[in-house]
Structure formats: structure tokens, C-alpha cells
Amino acid sequence: MTMTSSQPMSREELLELAALDAFGLLDEYDAALFTRSFHHAPAPVQDEIKRLQAELAADPSLVFVTE
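A few points on the structure. Bear in mind that the values here come from a model prediction, so they are computed numbers and not experimental data. Residues take numbers from 1 onward in each chain, read along the sequence in its written order. Given that the model is predicted, a residue must reach a pLDDT of at least 70 before its local features are reported, and side-chain atom pairs must reach 80 or more before they are shown or counted; all residues, however, enter totals for whole chains, interfaces and linings. To obtain the side-chain values, all non-hydrogen atoms of the structure were used and water was disregarded.

### Details of the environment of Leu56
Threshold: Put simply, DSSP marks the helices as runs of H or I at least four residues long and the strands as runs of E at least two long, and each gets a number from the N terminus on. Any two residues whose heavy atoms approach within 4.5 Å are treated as being in contact.
By the element assignment, Leu56 lies in helix H3 (residues 43–58). Taking the C-alpha atoms as reference points, Leu56 and Ala19, separated by 37 residues in sequence, lie 6.9 Å from one another. In contact with Leu56, other than residues within four places in its own chain, are Ala19, Phe23 and Leu62.

### A closer look at the nonpolar core
We count it as follows: We define a nonpolar core as any set of buried Ala, Val, Leu, Ile, Met, Phe, Trp, Tyr and Cys residues linked to one another through side-chain atoms lying within 4.5 Å. Only protein chains enter the area calculation, which uses a 1.4 Å probe; residues under 20% of their type maximum are buried, those over 50% are exposed, and those in between are partly exposed.
Counting twelve residues, the largest nonpolar core is built from Met9, Leu14, Leu15, Leu17, Ala18, Leu26, Leu33, Phe34, Phe38, Ala41, Val45 and Ile49. If you tally residues by element for this core, the top one is helix H1 (residues 11–22), at four residues.

### Observations regarding the environment of Asp27
Which entries qualify depends on this criterion: We define a polar contact as two N or O atoms separated by no more than 3.5 Å, with the added condition that, inside protein, one atom must be a possible hydrogen donor and the other a possible acceptor, whereas residues neighbouring each other in sequence contribute only through side-chain atom pairs.
The topology assignment puts Asp27 in the loop between H1 and helix H2 (28–40). Asp27 gets classed as partly exposed once you look at its relative accessible area, which sits at 38%. Within polar-contact distance, the side chain of Asp27 engages the backbone nitrogen of Asp30 at 2.7 Å.

Structure (C-alpha cells):
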């Protein structure tokens, strides 16, 4: 999902991209937009995103194995 607008993302957009951000899978533009939007989001939304990303990072079924 590539954002074509420089407007901050909505809560829903932030939540949709939270997993990709947590695993470093956003391209440079979307990562910058996500970060800026995250910092402009209300504290409860930031907390929700941080909880979601922590859950994803701790899920052993989502571990990437490279050999």
C-alpha cells in the first residue's frame, strides 16, 4: 500500500501498516510517512500501535528465518 498523499495517516491506516513497520517492510517513503503520522497521532493511538507491534514482534510464528 503506497500512500500518495503527504497528509498524516488515519488511525486505521496506521494500524494497517503497523505490522509492516514493525518488521521493516515499508519502503522509504511509507516508512517516513508512517513515522510522521505516528508522532502526530493522539497518545492512545500511539499506545495501541506500540501494543500491536510488541505482540507481533513477540509472536514466534512470525519470526523470519534466513540462512
